Each structure stands twice: as C-alpha cells, then as structure tokens.
Amino acid sequence: MTTKSATAAARATVYGHPRQGRNRELKKATEGYWKGRVSADALQATAAGLRRATWLCLADAGIHEVPTGDFSLYDHVLDTTVMVGAVPERHRSAFEADALDGYFAMARGTQDVAPLEMTKWFDTNYHYLVPELGPDTVFGADSRKQVAELREALALGLTPRPVLVGPVTYLLLAKAAPGAPAGFEPLDLLGGLLPVYAEVLADLRAAGAEWVQLDEPALVQGRTPAELDAAARAYGTLGGLADRPRLLVASYFERLGEALPVLAKAPVDGLALDFTGPAAANLEALAAVGGLPGKRLVAGVVDGRNIWVNDLEKSLATLGTLLGLADRVDVSASCSLLHVPLDATAEKDIDPGIARWLAFARQKTVELGILAKGLSHGTDAIAGELAANRAALASRAGSPLTHDPAVRSRTAAVTAADARRSPSYAERAAGQRAHLGLPLLPTTTIGSFPQTAELRTARADLRAGRIDADGYEERIRAEIREVIAFQEKTGLDVLVHGEPERSDMVQYFAEQLSGYLATRHGWVQSYGTRYVRPPILAGDISRPKPMTVRWTSYAQSLAAKPVKGMLTGPVTMLAWSFVRDDQPLADTARQLALALRDEVNDLEAAGTGVIQVDEPALRETLPLRTADHAAYLTWATEAFRLTTSGVRPDTQIHTHMCYAEFGDIVRAIDDLDADVISLEAARSHMQVARELAAHGYPREAGPGVWDIHSPRVPDAAEIAVLLRTGLGAIPPGRLWVNPDCGLKTRGWPETRASLENLVAAARTVRAELDAS
Ligand code: GLN
Ligand code: ZN
C-alpha cells in the first residue's frame, strides 16, 4: 500500500509524558523533600531536569510540538486547582505561607488538615485529587506554572504546546465542597471559571504559545443536554476571545459521541480525537458531521494506554481516510503517555523475540514520528520501518505464547452450564452452615494480615540470596503459624492464612500463570509518588500448577476451624494488568477464569470448605459509556461464575469488594452467585447494609465494621452498635462480621486489639439475639 502525501506535512505530537524519570528521580526527590533531606530548590531543579530530558527525547523521536504544563510534582488536576485559584478554605493559609508546602498539604493532608479526596482518572489506574467547589468559590488566574514551563521549552528552541485540563472537564471532575447547599453542581460555576481560563490563555499567548491544548476527556462519557450545552458555551466563549492562542480541544479514552457535533461546531481551531479500540467509531461520526473544514485534526491512532507495538499500516490507513476530513491532520497517541512505562528497551529480562512486541512511551513516540513521516512523504519513505513493524506483528500473531492450542480448545468448549452452580443459593446456604458448623453472625477477616518488617526482610533476603527457597518458605510458615494461633485464641470463626507470601496480589498470581510477563522497570504513576508495575498479560493464560494450595493447606493443618482460601478474581487480574489488544477482553477474562477455576477446584480437593475470590476492580472496570455497561457486566460476571462454579454445593464461595457505592452494579453482584460478600461499610455507618436490603439482595453479607484505613481501634461497644444497625437491614442468619478490607497495611497492635473487640461485639449481639 502507498499513501499519497498530504498537502500540509503531517506532524507528530503527544499530549503528555511520564513524569518520573528513568530511575524514578522524581519520586526520590519528592519524598526526600517531604523528609527534609532535599531542599525545595533541589526538588525544583530535579523537576526541571526531568522536563528538559523529556522534551529533548521527544524532539529526538521526531515529535514536532512538545507538550508543556503536563508535568506535575503530584497531580495535574491539583495543578489546575492552583491555576484557577480554587484552593479550599482549610488549606488557604498554609498555601499562602508556602505554595509548595501548601500544595503538598492539599495532596497528602497534614496532622490537622485533611487532604483533598483522591479518585480514579476515568478508567485508568491513575488517581487525581478531586477539586472541592462551592457556590462561594471565587476563581482567580495563576498562570505561573504554565508560563514557566512554556518558557523552559521555548528556551530549548522547541515548539511547545501548553496542555491544560479543560474547564468543562475540570468542573465535571469536581465535587461539591462540604457545606455546599443541596442541588449545587460544580458546573454551575462555569461562568466564573471562563474568564480565568481566558486570562491564562492570554498569558500563554503573550509568552509565545501558538497553540494551547484543552483536555476534555469528560465529554466522552455520554453527557446530558445541559452538560453539552455547557461545553458549547465554554468553547463559544473561549473561541470568541480576541487575543488568544489557537485552541486544540482534546478528548480521549473513548469516542466523543454526542459531544462531537458540539465541538466540531465550536469556534476553536482544532480537535484531537481518539481513534483506537472502540473510539475508532469517531471516524464514522466525524464523516457524518462533515469533517472539520478549516480546522486541524490531531488523530490519536497509537494507543496511549497499552504497551503493544502499533499496527503502523492500519494506522496509516486510518490517517489516509482522515486526510479528507480536516484542513490539516497530525498524528498522536490516543491520550497522554502518562499511563505507560518509559522505555521497553530497559527490560533486559524479557526474551528479545517478545520484547519487540512491546512499545512503552519512548517506542510510541518513535512510532508517531514514523507515522508522520509516512503520511507526509508516502510509505516509501518509511519502507524499512514498515517491514520491521510487519515482522514484529507477525511474530506476535504466530507465537505459541499468544496461541496455546490447549487453552484455545478448553475456552471454546465452555458451556453456559460450566458457569452456573447448582443448586441455587437458597438451597446451598443451609447445607453450608451445617457443613461448616458456623454460629450466627460468623466472624472473619478479608484475607491479609499485617505485612511486617520481618516479611519484607525475608523477601529481600531471598532476592539477595541470603536465604534459599526453603529458608523463605519456612519464614512464611512461621508467619502463618502466628496468624492462625492469634485467630484461634481470639475466637474468630472462619480463619485465613494471612497472605504473607503476597506483597501485591495481582503480581503474585501473574508470576505463577503462564502467559504473563513481568517487567523490571515498567513503573507507572498510580498517584503522587506512588508507582506500580502492572504485569503484562501477553499470551494465552493457563496455570501450570497450584498457586496457593500449600499455604492454605498448611494453615488448615494447624486449625480446627475452617480456613478460607484466598484468590484474586479474573476481572481484577485484568484491570490491574496491561492486557492484550489482539482479542476481546471477554476472551481473556474467560482464560483467566479457567486458570483460577483450576485453583478453586484444587483448594476444594485439598479440603478447603470456604474460598474467597476478591473482585475489588469489578466496579472500576465499568466502561465509560453507560451504553456499554450491560455487555461488560455480562462477561465479567460470567468470568467470576466460571471461576467459582466447579465446586460442591456445600463449599462456600465468598467475594470481597472494597467500596461502598455499588448501587449501579448491585444486580451484577447478585449475578456473581457468590454465597457471601464482604464490603466496606464502617465509615458510612452500615449504609451498605441498608442499600443491599433496599435492592432485595438475597445472600449473606458482611458490611465492614472496622475502618481499616485508619490506625484507630474501634471499641467493642461501637462495633456492636454497627452490628445492631446491620441487623436492621440484614436478617441474623445472613449477616457476617468482618473488617472493611484486608489488614496488610495495618500494624499488629491495632490489628490485635480491633479483632478482639470485633469478636467480643459479635458475642454480645449473638447473646442478645439468643435472649430475644
Ligand atoms: N484478600 C485481599 C486482602 O485482604 C483483598 C484486598 C483487596 O480487596 N484489595 O488483602
Ligand atoms: Zn478491600
């Protein structure tokens, strides 16, 4: 295939870049600053050095316009809060005394002042700090950070394009400040916010910005007419300003849907759209609105969220179609590269034959440079790159890693009956209680016990070769002995082994499943200075041998009471990994489910009568557009049931989820057909129990009675109050007593005291039930 060259040369750009540096220098400098070991000047110098290195690296890969202002010491939404002067009242004096310390106080809180709330950035695993706005919020422009970073890039002789969170998305991501009157919506503040954006835009123009990008990812979420109207007003106003830079409005993570005609009509100079995955629907939609005559289109054809090499020929074909639809077409990743690790060439442990399938941030920028060149000068100009790309894709498609015949035939043979337990929950429940010999209000925990310094030392010793596998195994067993002895002494009813062998649950299972790759340097920002290294789900998934059975069996051998087996569910495994893009997620989920089903069945065969399959990511994986929810929930719940349906009726299946707002998926939770669910509820005073009851949830449930996010020890009386509240909604035969979540981040002293109080409270309330 040859592509004719475009009239205007196409250029490559990106919307943002990982911030941390090759050796996570930013994390080290920032944490050093918090501890008083690094000065503010040294922190700022590290940050400036990282920005500079990023820009030069981008330019070197052929990126024409480099993003500025996307860098952050903590979070770009918090930076926007500073830019628009929306520092909450409780942080204002600290912020005015010292902007840097005040900034970190908003992010992390101090002894006396609570931080801003943190939540997920759309459906990524990045978390932003939620703006708190009220009717009294008075915005004021502070463009210093944006202007300074623009100047830094200009001084390097580059063409910078400042990137801002757009005003509509900023307001849609905000929450009403505590004390705001009912009915107040942050979007009501748009009129006051637009002059502030106008001022920032004017400052950037004056400082030399030709283009400015305004990110509006919130518009992909299927917005109400009033919200679409706000978007039209916002860009009507900003587009209508006399002295302004050219405006590029960017959307990503999904198709723009009903917001596309709104933005296409707005008096702005360009749109940036996502054309990857389901967002490829933007193409037809763009044609349907007659394209973007007179405007610039930035086409996100390289997936900014996965770590796979791009199909360059497919992207060129998309770009070729788009050429006729706008005045000028440029090439980009679909979203900021913030969500991928820095450089795949750092992964020396991955087989080079497989490493060539990988594209991290650095490789993606190179792909963009190639695509821009091909689009401008024709495919002959990039013939060598295309041949190498074809070979990499062919090697991936033909690899035994991505096509394991045994896995394929097993998944193909799955029937609906495989994903159904029989008999129904109602019939199973009584048998389970009898089989397990459980009292009313049974007490249990969510799985993990404190990850002690000794456990961390044992892992470090194993890595450094100071102990061997047997030595490590013995230290884990010692920990299990301690955890079991404590639970027996305390009188818990369903015990756990404490998960001492796992530091990160998804990583623990990924390491033992065939089809997964681990990275050594594949860090991505989760929030602030916290980085995670998601495993790469690269191929067909199978389980060569049992993963947890020996730990659970060992724990059971020490205890008379039932010990609960502990697994991470298929949806959570998917959600916290980089997933393959060469087959539907539903297919990958089914492979994971079968591998985990083997583990569930082996646990049962080894004598485990209670098995918990955690799905804390079930809700957060909900697609961004409501219209796509039903299809997702169908395959997600099927994967859970496939994992758990191979057991006898008297084996009790538990699940756990870490959140309280589940109203929109309560039907799906029921559809998991788990016998028992534990959820977070302590902070909301058992609100969850009432909601479960309101939805007619028919199964057993353990709304948490101890908020494990704080070191505070709840006393037995207050736990009893929560249990009595829970009994107001859930009948005694179906109520469990447990903490909100796992205890791995807690210390032993508060764990001991809190669990003793939890058992005492359960006994008190049981006695009350007996007496009445
Ligand atoms: N079983 C896990 C634990 O207790 C559950 C963790 C989670 O839900 N995030 O740590
Ligand atoms: Zn949890």
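Presented here is a report on the structure given in the accompanying data block.

Quick word on the coordination of the zinc ion (ligand 2)
Phase 1: Every protein donor of the zinc ion (ligand 2) is listed here as H656 (NE2), C658 (SG) and C741 (SG), and their distances to the metal cover 2.0 to 2.2 Å.
Phase 2: On the primary sequence, the residues serving as donors to the zinc ion (ligand 2) are separated as H-x1-C-x82-C.
Phase 3: The exposure class assigned to H656 is buried, which follows from its relative accessible area of 2%.

Section: the site of ligand 1
Phase 1: In the vicinity of ligand 1, the contacting residues are I446, G447, S448, E499, M505, M566, D614, P616, H656, C658, C741 and G742.
Phase 2: One nitrogen or oxygen atom from the side chain of D614 is found 2.7 Å from a nitrogen atom belonging to ligand 1.
Phase 3: H656 has a polar side-chain atom sitting 3.3 Å from an oxygen atom of ligand 1.
Phase 4: Burial of ligand 1 by the surrounding chains reaches 92%, relative to a free accessible area of 290 Å².
Phase 5: Of the residues in the shell around ligand 1, the class split is 6 nonpolar, 4 polar and 2 charged.

Observations concerning the sheet that holds strand β2 (residues 63-68)
Think of a sheet as strands paired side by side through backbone hydrogen bonds, with each pair either parallel or antiparallel.
Phase 1: The strand order β1-β2-β6-β8-β9-β10-β11-β12 describes a closed barrel built from 8 strands, whose pairing is parallel.
Phase 2: By the bridge criterion, 5 bridges tie strand β8 (residues 211-215) to strand β9 (residues 246-250) in an arrangement that is parallel. Each bridged residue has a counterpart across the sheet, and for L214 the counterpart in β9 is V249.
Phase 3: The sheet strands contacting helix α8 (residues 190-207) are β6 (159-165), β8 and β9, and the helix crosses β6 at an angle near 170 degrees.

Here's the deal with the packing of helix α18 (residues 453-464) against helix α19 (residues 469-490)
Phase 1: α19 packs onto α18 with a crossing angle of 170 degrees between their chain directions and a minimal axis gap of 10 Å. Here α18 lies roughly antiparallel to α19, going by the angle between them. Seen from α18, the contacting residues are L455, T457, A458, R459, D461 and L462; seen from α19, they are A469, Y472, R475, I476 and E479.
Phase 2: When its residues are assigned to classes, the contact of α18 with α19 shows 6 nonpolar, 1 polar and 4 charged.

Considering helix α21 (residues 549-558)
Phase 1: Taken together, the buried positions of α21 are V549, W551, T552, Y554 and A555.
Phase 2: Buried residues in α21 make contact with α19, α20 (505-512), β17 (564-568) and α23 (585-605).

Concerning the sheet that holds strand β21 (residues 700-703)
Phase 1: Spatial ordering of the open sheet is given by β17-β18-β19-β20-β21, a layout of 5 strands whose pairing is parallel. Pairing within the sheet leaves two strands with one partner each, and these edge strands are β17 and β21. Strand-to-strand twist of the sheet, defined as the mean angle between neighbouring strand axes without regard to direction, takes the value 20 degrees.
Phase 2: Of the strand pairs in this sheet, β17 and strand β18 (residues 610-614) are connected by 5 bridges, and their pairing is parallel. Counted as the bridge partner of T568 is D614 from β18.
Phase 3: Packing of helix α17 (residues 425-436) onto the sheet brings it into contact with β18, β19 (652-656) and β21, and relative to β21 it is tilted by some 70 degrees.
Phase 4: On top of the sheet, helix α24 (residues 629-644) reaches β18 and β19; it is set at about 140 degrees to β19, its chief contact.

Focus on the packing of helix α12 (residues 312-323) against helix α14 (residues 361-377)
Phase 1: Look at α12 against α14: their axes get within 10 Å of each other, and the N-to-C directions meet at 50 degrees. If you check the angle between α12 and α14, you find them oblique. For the pair α12 and α14, the crossing hand works out as right-handed. For the pair α12 and α14, the contacting residues are L312, S315, L316, L319, G320 and L323 in the first and E367, I370, L371, G374 and L375 in the second.
Phase 2: Its residues placed into classes, the contact of α12 with α14 shows 7 nonpolar, 3 polar and 1 charged.

Remarks on the pairing of β19
Phase 1: Counted residue by residue, β19 has 5 buried out of 5 residues, so it is predominantly covered.
Phase 2: Both faces of β19 are covered, namely the face carrying Q652, H654 and H656 and the face carrying I653 and T655.
Phase 3: Pairing of β18 with β19 involves 5 bridges; the strand directions are parallel. Note on β19: the bridge partner recorded for I611 is I653.
Phase 4: The β-α-β motif built from β18, the intervening α24 and the parallel element β19 has right-handed crossover chirality.

Quick notes on the rules
- Residues numbered from 1 in each chain as written.
- Chains lettered and ligands numbered in written order.
- Predicted model: local features only at pLDDT ≥ 70, side-chain atom pairs only at ≥ 80, totals over all residues.
- Heavy atoms only, no water.
- Donors = N, O, S within 2.8 Å, 3.2 Å for Na, K, Ca; no water.
- Buried < 20%, exposed > 50% of the residue type's maximum accessible area, 1.4 Å probe, protein only.
- Near = heavy atom within 4 Å.
- Polar contact = N/O pair within 3.5 Å; in protein donor to acceptor, adjacent residues only side chain to side chain.
- Areas by Shrake-Rupley, 256 points an atom, 1.4 Å probe, with all protein chains shown as cover.
- Nonpolar A, V, L, I, M, F, W, Y, C, P; charged D, E, K, R; others polar.
- Pairing = 2+ DSSP bridges.
- Helix = DSSP H or I, 4+ residues; strand = E, 2+ residues; numbered from the N terminus.
- Contact = heavy atoms within 4.5 Å.
- Axes fitted to C-alpha atoms, helices over the stretch in contact; angles between N-to-C directions.
- Parallel < 35°, antiparallel > 145°, perpendicular 65-115°, else oblique.
- Left-handed = near helix turned anticlockwise from the far one by under 90°.
- Right-handed = clockwise from strand over helix to strand, strands pointing away.

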